[in-house]
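Coordinates in review
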Amino acid sequence: MPGNMFTPEAVKEALEIFKTQIPLAIWETFYVTVLSTAFAIILGLPLGVLLVVGEKGGVLPLPKGAMHALNVIINLLRSIPFLILMIMVFPLTRVIVGTTVGTVASIVPLVIAAFPFVARLVESSLREVNPNIIEAAQSMGASPLKIICKVMIPESIPSLISNATIAITTILGYSAMSGIIGGGGLGKIAINYGYYRYKFLVMLIAVILLIIMVQVFQSIGTKAAVKSDKRLK
Amino acid sequence: MIQLIDLNKTFKTADGNVEALKDINLTIEDGDIFGIIGMSGAGKSTLVRCINMLERPSSGKVIVGSDDMAALSPAELRRKRRSITMIFQQFNLLMQRNCLKNVCFPMELEGIPKKEARRKAAELLELVGLPDKALSYPAQLSGGQQQRIAIARALATNPEVLLCDEATSALDPNTTHSILELIKDINKKLGITVVVITHQMSVVEDICKNVAILDEGRVVESGKVADIFGNPRSDAAKRLVFPDGEETILPPGEGETRLKILFNGSATADKPLIASMAATQGVMAKILGASTRSFNEQAFGEMLISVPDDQAQTALGYLRSEKGIIVEEVKNDAR
């Protein structure tokens, strides 16, 4: 980083940007992250459940072919680098949002990138549920749907909250990347000022704010997970 | 009544087929406390899971009440399972629900209104002696308390049959005893048929009326507890009754005859049998091994003695004249 980062002019300019653009950028980053995470969970949770209950010996075994296809699709989406995925989903983004640039438009690639990841996280959470408890529920005459809704998901809530926290912090990181294709938020500020215009102090501020946001999400998530867990005395 | 008819269960594994159950035929009467005992790997857990179809038998029939379990549709089976409930070695409570809600769980599945379910759950917690733990979570309870909650949960749907899968194996002896007393009590008060799976002799002795001994997937003996344990015939039964091995004794000496004395509910346990044989008959017997147990205040068990060859007939004659004793000569080469 250049040594002239903290010259009086640079500081003054950075403060000006901080006042005029940063509040909106924080808000944009926040709502893009939260909305993307919410949509990713809406899509990823059922898929994660299917990954666990649908396998052989699961609560609701599905045809082998269907399970195979599901796994392939999830792995495929997870292996595309996010930067390239953003560009690849342009047509879909245009259909859904009407445009491919802008803050709202960046939600589409974020969701596409995140839901397979969320599905895998949900899968790992649900696998932690003691199979004996599931067997006990079966012995009481619980249907597969009741086992999913009343046993598997409630029993893994602490782990699901922990994993949702991982998801939201990861998506926060991705959302900064979407600044490259015109997505708004702190990522855009960092790229536009830091990368294109060499205003490193502004970039530094944006990065610090991103770090703080990750910290906040993480500590809220960790606290919620611990608090929800009734196994801890 | 529970009937198991020609039941077989084979598991397909990578190393070939494993026959977990072979030609099981058992009848368990209503209101009975029926023990199924065997060593680990004998197939006990598979057998009990065949009763409620958690495991599908490979062949044979399971009839509970008037229903052929294998012929029920999935929905019918789920309904039937509410009348055949189960408790487990590891209790298997829902860890994220408090005790009251754990007991409510099977009633939720049944669609019983919440208020009514809570009222009944509170009653059941009273029955198992833990009314003050309604709002505690399972992790806050001891093993014995958790099993009590599990029992309350198992009773929530007014079952006809209670299956206990190693229900006391994770508990200490005192807690085991109190849980068994509770099960006995429930059997008496509510008339529920209880099937007890265990590897512990003491459990069967404590509460069972009838017992089946399972060994390598087969029922090797079954009948009244006193009959089976008093005179174990199969090797598996002997191993259970005499865990240290009745035959691990001195090698046979020259010029000696060995006699096996079976106490089969005799009152002779009080009498100095060997001493009086020496005093009245002049037979000098060596005691090689003895193991006796008492059920319902009668002595069961066996003793192995050795007498000089020339006194063998005298000894046999004397012992056979005693009541409740069976004597047989043990051939050295048979051991």
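The coordinates are above.
Structural notes, computed from the coordinates.

What counts and how
Residues numbered from 1 in each chain as written. Chains lettered and ligands numbered in written order. Predicted model: local features only at pLDDT ≥ 70, side-chain atom pairs only at ≥ 80, totals over all residues. Pairing = 2+ DSSP bridges. Helix = DSSP H or I, 4+ residues; strand = E, 2+ residues; numbered from the N terminus. Axes fitted to C-alpha atoms, helices over the stretch in contact; angles between N-to-C directions. Contact = placed C-beta atoms within 7 Å. Core = buried A, V, L, I, M, F, W, Y, C linked by C-beta atoms within 7 Å. Buried ≥ 20, exposed ≤ 12 C-beta atoms within 10 Å, placed from the backbone. Nonpolar A, V, L, I, M, F, W, Y, C, P; charged D, E, K, R; others polar.

Residue and element names in this part refer to chain B. The strand order across the open sheet formed by 6 strands is β6-β7-β8-β3-β9-β10, and the pairing between neighbours is mixed. Since the sheet does not close on itself, it has two edges, and those belong to β6 (84–88) and β10 (218–224), each with one partner. The average angle at which neighbouring strand axes cross in this sheet is 15 degrees, direction not considered. Of the pairings in the sheet, the one linking strand β3 (residues 33–37) to strand β8 (residues 193–198) comprises 5 bridges and is parallel in character. Across the sheet, residue Ile36 finds its bridge partner in β8, namely Ile197. Where helix α5 (residues 143–155) meets the sheet, it contacts β6 and β7 (161–165), and its direction lies at approximately 170 degrees from that of β6.

Residue and element names in this part refer to chain B. Strand order in the open sheet made by the 4 strands is β2-β1-β4-β5, with antiparallel pairing throughout. Each edge of the sheet is formed by a strand with only one pairing partner; in this case those strands are β2 (16–28) and β5 (67–68). In this structure, strand β1 (residues 2–13) lies alongside strand β4 (residues 59–64), joined through 5 bridges in antiparallel fashion. Paired with Asn8 across the two strands is Ser59, which belongs to β4.

Attention shifts here to the nonpolar core. The biggest cluster of nonpolar side chains holds 151 residues, and the ones touching the most others in it are A:Ala114, A:Val118, B:Val103, B:Cys164, B:Val195, B:Val196 and B:Ile213. No other element matches the 14 residues that helix α6 (residues 107–127) of chain A contributes to this core. Sequence-distant contacts of B:Ile213, that is, excluding residues within four places in its chain, are made with B:Ile37, B:Gly38, B:Val219, B:Val220, B:Glu221, B:Ser222, B:Ile228, B:Ser234, B:Ala236, B:Ala237 and B:Leu240.

Right, let's talk about the interface of chain B and chain A for a bit. Taken together, the contact pairs 20 residues of chain B with 19 residues of chain A. Contributing elements (two or more residues each) for the side of chain B that touches chain A: α2 (74–81), β6 and α3 (99–110) of chain B. The residue inventory of the side of chain B that touches chain A, partitioned by class, reads 9 nonpolar, 6 polar and 5 charged.

A few words now on unusual backbone geometry. Residue and element names in this part refer to chain B. Residues other than glycine seldom take positive phi values, yet Asn92 does so here, at roughly 55 degrees. C-beta crowding within 10 Å serves as the criterion here: with 24 such atoms nearby, Asn92 is assigned to the buried category. The phi dihedral of Asn158 falls on the positive side, at around 50 degrees, and the residue is not glycine. By the secondary structure assignment, Asn158 is in the loop between α5 and β7. Judged by the 12 C-beta atoms lying within 10 Å of it, Asn158 is exposed.

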